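# Structure assessment
Chain by chain, the residues run as shown.
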Amino acid sequence: MKKQISKHEYQKLVEEKAPGSHFIKNLFAAFITGGAICAVGQIVMLIFENFGADKELSASATSIIMIFIGAFLTGINIYDEIGKFGGAGASVPITGFSNSIVSPAMEFKKEGHVMGVGAKMFLIAGPVLVYGIFASVIAGLFYFIWKQVM
Amino acid sequence: MAKRLGSQTIVLDKQPVILSGAGIVGKKEGDGPLARYFDDVVDDEYAGEKTFEAAESRLLRDTYIKALEKSGKSSTDINIILSGDLLNQCTAASYAFRDVDTPYLGLFGACSTMSESLAIASMLIDGGSVDYAVCAASSHFCSAERQFRFPLEYGSQRTPTAQWTVTGAGAIILGKEGQGPRITCITPGKIIDEGIKDSNNMGAAMSPAAHDTIRSHLIDTGRNLDDFDMILTGDLGRFGSTMLRELLNRSNIDLKDKHKDCGMLIFDLEKQGVDCGGSGCGCSAVVLSTYILNLFMQGTIKRLLFVATGALLSPTRIQQGETIPGIAHAVLIEA
Amino acid sequence: MSEILRAFLLGGCICIVGQVLIDFTKITPARIMVLFVVTGVVLGIFGLYQPLIDWGGAGATVPLLGFGNVLAKGVIKEVDEAGLLGIFTGGVKAAAAGITAAITFGYIMAIISKPKIKS
């Protein structure tokens with residue numbers, strides 16, 4: 001039987017006809033969500049600074065609190081809704097990193113504590129650590145060599 | 001004996017009868033437009049079980065029991081169960097029927113499973129080796145999400161072409177004799193892969209297969225669209241349906257108002273946040289076994305071509321950069 | 001108050017960049033996260049991220065770019081103090097709080113709650 005349409009033509013047709021995402025709405029939602037999360041982070045940081053912590057200490061303490069907030073909102077089944085609305089606004093902040101660790105941990109609890117929670121916890125966030133840490137090693141090496149040369 | 005017509009269509013001689021059908025769904029489906037046709041709506045996504053996988057098996061088994069009850073047959077009358085689902089190694093079905101004392105054939109046709117099981121059961125009955133058969137399929141949003149996509153609580157955005165896996169199971173009791181609509185003709189489909197890679201756009205991946213099967217069926221039988229009351233596709237969804245119409249137009253086949261899609265019937269696309277509609281083995285199985293059989297009973301439709309479509313992908317092959325093969329099997333149901 | 005507003009603006013803008021990448025390039029969110037962390041490391045090692053932190057505070061430190069920056073700053077500090085060994089210890093040492101917090105809270109949440117469908 002003769003083909004009516006080539007693969008290439010079909011793919012082009014699909015691309016042409018596919019409904020686009022609500023681009024403006026998505027950008028706005030990402031801005032609001034991401035902005036709001038960072039504003040909460042700033043408030044937490046200011047509280048720590050108010051108690052006399054220095055900038056660096058309050059920054060790491062803030063990270064811990066934000067990670068807790070992300071984990072907590074995931075645990076009470078809310079963060080996925082935030083993510084559905086906010087898109088990158090929810091996944092780019094560190095609360096999203098936390099969500100990406102807590103959600104598989106919860107999901108795979110049924111497969112046991114070792115092969116479920118333990119093994120699947122970094123299903124999504126694993127790559128972030130792998131490439132983040134590997135990049136830091138490359139960066140460190142680069143910096144080390146630069147220091148010797150200069 | 002059945003005989004082959006054209007290149008891929010099989011005309012059945014004994015014309016197996018659909019004795020009964022049942023469908024049980026989850027809460028979201030129960031909130032949809034077809035609510036009143038379902039036999040039961042289970043609000044708890046765990047269906048009283050510990051895991052989503054067990055919940056899916058539970059739905060499937062309860063649906064089988066319900067369908068059996070409605071057919072007036074007992075489980076000892078059934079010669080074979082043909083069932084399948086989306087989970088790895090078809091475990092929703094095999095665990096659903098492990099305590100049922102009936103021979104079982106597990107099928108995998110992704111979301112086309114319901115038409116695959118009807119097609120095979122019809123041939124078995126037509127051949128005289130089986131008197132009564134159960135055809136069933138299931139899917140569960142939560143068990144499918146964790147296998148194919150992300151954990152439930154992961155905050156990701158759905159793309160506009162995404163579809164929502166139906167939580168539900170549908171079962172049909174098929175017999176050699178009795179009252180009900182008959183299966184008269186089947187057209188098993190070929191695997192068609194037009195190179196779609198986006199697993200969030202399964203409608204577009206499956207519509208070429210639906211097009212091919214519908215076209216083959218029409219050519220083989222010499223019929224045209226006016227001979228049917230309805231062409232019912234499985235889960236092409238809104239976008240897949242658009243693509244099917246487009247492809248059929250290019251083959252000079254005009255769907256007019258004959259086309260319906262189970263994925264678009266089961267949800268209210270505007271209000272339920274399912275983007276392009278429902279999907280999953282359970283989608284077409286439930287809609288056919290409840291709403292559509294009801295239309296037959298009312299006498300609203302007399303001849304329907306049921307074309308459940310499947311995307312034969314796995315997460316592994318998609319991650320390896322492969323494209324998505326589609327399939328569609330057609331089953332002609334006549335009053 | 002202005003500090004909070006600046007955090008909001010900067011954080012929001014960084015997330016917009018992520019959203020543009022998702023919508024226009026079809027890069028999956030998991031890849032966006034990787035991209036942001038690695039970009040953060042690169043910006044951090046050249047000292048280009050600090051001005052953003054000085055202006056936007058948490059608006060710069062809370063997004064994953066900030067996590068990358070922490071890794072970079074950690075490795076610089078350790079190389080300065082411990083030399084070659086610092087290449088291996090710096091990054092994770094600086095990120096220890098974040099990683100440990102994520103594991104700890106992740107485990108606790110997994111124990112006490114279970115996933116639910118939303119309709």
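Read on for an overview of the structure. Being a predicted model, the structure only gives us computed values, none of them experimental. (Residues numbered from 1 in each chain as written. Chains lettered and ligands numbered in written order. Predicted model: local features only at pLDDT ≥ 70, side-chain atom pairs only at ≥ 80, totals over all residues. Heavy atoms only, no water.)

### Considerations on the packing of aromatic side chains
Here is the rule we go by: Pairing of aromatic rings covers Phe, Tyr and Trp, the last counted by its six-membered ring, and requires centre-to-centre distances within 6.5 Å; plane angles under 30 degrees mean stacked, over 60 mean edge-to-face, and any other angle means tilted. Helix and strand definitions follow DSSP, with helices as H or I runs of at least four residues and strands as E runs of at least two, each counted in order from the N terminus. A 1.4 Å probe rolled over the protein chains alone gives each residue an accessible area, and that area as a share of the maximum for its type sets the label: buried under 20%, exposed over 50%, partly exposed in between. Charge-over-ring placement is defined geometrically: NZ (Lys) or CZ (Arg) within 6 Å of the ring centre, and within 35 degrees of the ring normal.
Following the criterion strictly, the structure yields 13 aromatic pairs over all chains and no others. Ring centres of Phe31 of chain A and Phe8 of chain C lie 5.6 Å apart, and the angle between their planes is 85°; this geometry places the pair in the edge-to-face category. In this pair, Phe31 of chain A is assigned in helix H2 (residues 23-50) and Phe8 of chain C in helix H1 (residues 2-25), connecting two distinct chains. Look at Phe31 of chain A and you get buried, because its relative accessible area is 18%. Relative to Tyr291 of chain B, the ring of Tyr37 of chain B has its centre 5.0 Å away and its plane inclined at 65°; by these criteria the two rings are edge-to-face. Taken as a pair, Tyr37 of chain B in the loop between helix H1 (27-30) and strand E4 (40-42) and Tyr291 of chain B in helix H9 (residues 281-298) lie far apart in primary sequence, 254 residues in all. The rings of Phe68 and Phe72 of chain A together with Phe105 of chain C are connected pair by pair, giving a single aromatic cluster. If you follow Lys120 of chain A out to its NZ or CZ, it ends over the ring of Phe108 of chain A, 4.2 Å from the centre. The ring of Trp55 of chain C has Arg6 of chain C lying over it, and the distance from NZ or CZ to the ring centre is 5.7 Å.

### Topic: unusual backbone geometry
We note that Ala110 of chain B has phi near 50°; this positive angle belongs to a residue other than glycine. Within the secondary structure, Ala110 of chain B is located in the loop between strand E6 (104-107) and helix H4 (113-126).

### Some remarks on helix H7 (residues 237-250) of chain B
Selection rule: Helix span, as expected, comes to 1.5 Å for every residue beyond the first. We call two residues in contact when some of their heavy atoms are within 4.5 Å.
The end-to-end C-alpha distance of H7 of chain B, which contains 14 residues, comes to 20 Å, matching closely the 20 Å that a straight helix rising 1.5 Å per residue would cover. Among all positions of H7 of chain B, only Gly237, Phe239, Gly240, Ser241, Met243, Leu244, Glu246, Leu247 and Leu248 of chain B are buried. Looking at the buried positions of H7 of chain B, the neighbouring elements they touch are helix H1 (7-17) of chain A together with helix H6 (202-221), strand E11 (230-233), strand E12 (259-261) and helix H8 (262-265) of chain B. Downstream of H7 of chain B by a residue or two, Asn252 of chain B has a phi angle that is positive, lying close to 60°.

### Structural notes on the packing of helix H2 (residues 29-45) of chain C against helix H5 (residues 64-82) of chain C
Residues and elements named next belong to chain C. Here is the rule we go by: Structural elements are reduced to axes, namely lines fitted to C-alpha atoms, with helices fitted over the stretch in contact, and the angle between N-to-C directions of any two is expressed from 0 to 180 degrees. Any angle between 65 and 115 degrees counts as roughly perpendicular, while under 35 counts as roughly parallel, over 145 as roughly antiparallel, and the rest as oblique. The handedness criterion is simple: a crossing whose near helix is rotated anticlockwise from the far helix by less than a right angle is left-handed, and one whose near helix is rotated clockwise is right-handed. In the scheme used here, Gly and all other residues not listed as nonpolar or charged are polar, with Ala, Val, Leu, Ile, Met, Phe, Trp, Tyr, Cys and Pro taken as nonpolar and Asp, Glu, Lys and Arg as charged.
Interaxial distance between H2 and H5 falls to 6 Å at its minimum, and their mutual angle equals 40°. By the criterion of interaxial angle, the relationship of H2 to H5 is oblique. Between H2 and H5 the crossing geometry is right-handed. Residues Met33, Phe36, Val37, Thr39, Gly40, Val41, Gly44 and Ile45 of H2 touch H5, and the partners they reach there are Leu64, Leu65, Phe67, Gly68, Asn69, Leu71, Ala72, Val75 and Ile76. Looking at the contact of H2 with H5 residue by residue, the class counts come to twelve nonpolar, five polar and no charged.

### Topic: the nonpolar core
Definition in use: Take the buried Ala, Val, Leu, Ile, Met, Phe, Trp, Tyr and Cys residues and link them wherever side-chain atoms come within 4.5 Å; each set so joined is a nonpolar core.
If you look at the biggest cluster of nonpolar residues, it comprises 60 residues, and the most contacted ones within it are Phe97 of chain A together with Phe67 of chain C. Among residues more than four places away in sequence, those in contact with Phe67 of chain C are Ile94 and Leu129 of chain A together with Val37, Thr61, Ala95 and Ile99 of chain C. With 58 residues, the next largest nonpolar core counts Leu107, Val130, Ile172 and Phe267 of chain B among its residues.

### A few points about the interface of chain A and chain C
Stated formally: Take the accessible area each of two parts loses on contact, using a 1.4 Å probe, and add the two losses: that sum is the buried area. Counted as salt bridges are all cases of a side-chain nitrogen of Lys or Arg within 4 Å of a carboxyl oxygen of Asp or Glu. Pairs of N or O atoms are called polar contacts if they sit within 3.5 Å, as long as, within protein, a hydrogen donor faces a hydrogen acceptor (for residues adjacent in sequence, only side-chain-to-side-chain pairs).
In this complex, chain A contributes 67 residues to the contact, which on the side of chain C involves 63 residues. Across the chain A/chain C interface, buried area totals approximately 5,700 Å², and carbon plus sulfur atoms make up 80% of it. Considering only the side of chain A, the residues that lose the most area to chain C are Phe31, Val92 and Tyr143 of chain A, jointly responsible for 11% of the buried surface there. For the pair chain A and chain C, the number of links is one salt bridge. In this structure, Lys147 of chain A engages Asp80 of chain C in a salt bridge whose closest nitrogen and oxygen atoms are separated by 2.8 Å. For the pair chain A and chain C, the interface holds 13 residue pairs in polar contact (both at pLDDT 80 or more).

### Some points on a positive patch on the surface
So the rule is basically this: Two joining distances apply to patches: 9 Å for like charges and 5 Å for nonpolar side chains (Val, Leu, Ile, Met, Phe, Trp, Tyr), and every residue must have over 30% relative accessible area and no salt bridge. Calculation of accessible area relied on Shrake-Rupley with a 1.4 Å probe; when residues are assessed, cover is drawn exclusively from the protein chains displayed. The charged-residue count follows a simple rule in which Lys and Arg add positive charge and Asp and Glu add negative charge, with His and chain termini not counted at all. Charge coordinates come from a single atom per side chain, which is NZ of Lys, CZ of Arg, CG of Asp or CD of Glu.
A surface patch of positive charge is lined by Lys110 of chain A, Lys50 of chain B together with Lys114 and Lys116 of chain C. Note that Lys110 of chain A resides in the loop between helix H6 (94-107) and helix H7 (113-120). Residue Lys110 of chain A is classed as partly exposed on the basis of its relative accessible area, which comes to 39%.

### Focus: the pairing of strand E10 (residues 182-187) of chain B
On any regular strand, side chains alternate: one points to one face of the sheet, the next to the other face. Residue and element names in this part refer to chain B. Worth spelling out the cut-off: If DSSP finds at least two bridges between two strands, the strands pair.
Of all six residues that make up E10, five are buried, and the element is covered over most of its length. Pairing of strand E2 (residues 9-11) with E10 involves two bridges; the strand directions are antiparallel. Its bridge partner lying in E10, Ile10 is registered against Ile186. Bridge count for E10 against strand E15 (residues 326-334) is five bridges, and the pairing is antiparallel. If you follow Ile183 over to E15, its bridge partner there is Ile333.

### Let's talk about the interface of chain C and chain B
The parts lose accessible area when they come together, and the size of an interface is often stated as this lost area. Between chain C and chain B, the residue contacts involve eleven residues of the former and 13 residues of the latter. At the surface where chain C touches chain B, the tally comes to zero salt bridges. Applying the counting rule to chain C against chain B returns four residue pairs in polar contact (both at pLDDT 80 or more). The element best represented in the side of chain C that touches chain B is H2 of chain C, accounting for three residues.

### Quick look at the pattern of salt bridges
Counted by the stated rule, this structure contains 22 salt bridges over all chains. With a shortest N-O distance of 3.1 Å, Glu246 of chain B and Lys17 of chain A are connected by a salt bridge. Of this pair, Glu246 of chain B sits in helix H7 while Lys17 of chain A sits in helix H1, each in a different chain. Take Lys17 of chain A: its relative accessible area is 35%, and that puts it in the partly exposed class. The partner of Glu270 of chain B in a salt bridge is Arg238 of chain B, and the shortest N-O contact between them spans 3.2 Å. Residue Glu270 of chain B is located in the loop between H8 and strand E13 (278-279), and its partner Arg238 of chain B is located in helix H7; the two are separated by 32 residues in the primary sequence. For Glu270 of chain B, a relative accessible area of 64% translates into the label exposed. Judged by its relative accessible area of 34%, Arg238 of chain B is partly exposed. Each of Glu107 and Glu111 of chain A together with Glu53 and Arg146 of chain B takes part in a single network of salt bridges with overlapping partners.

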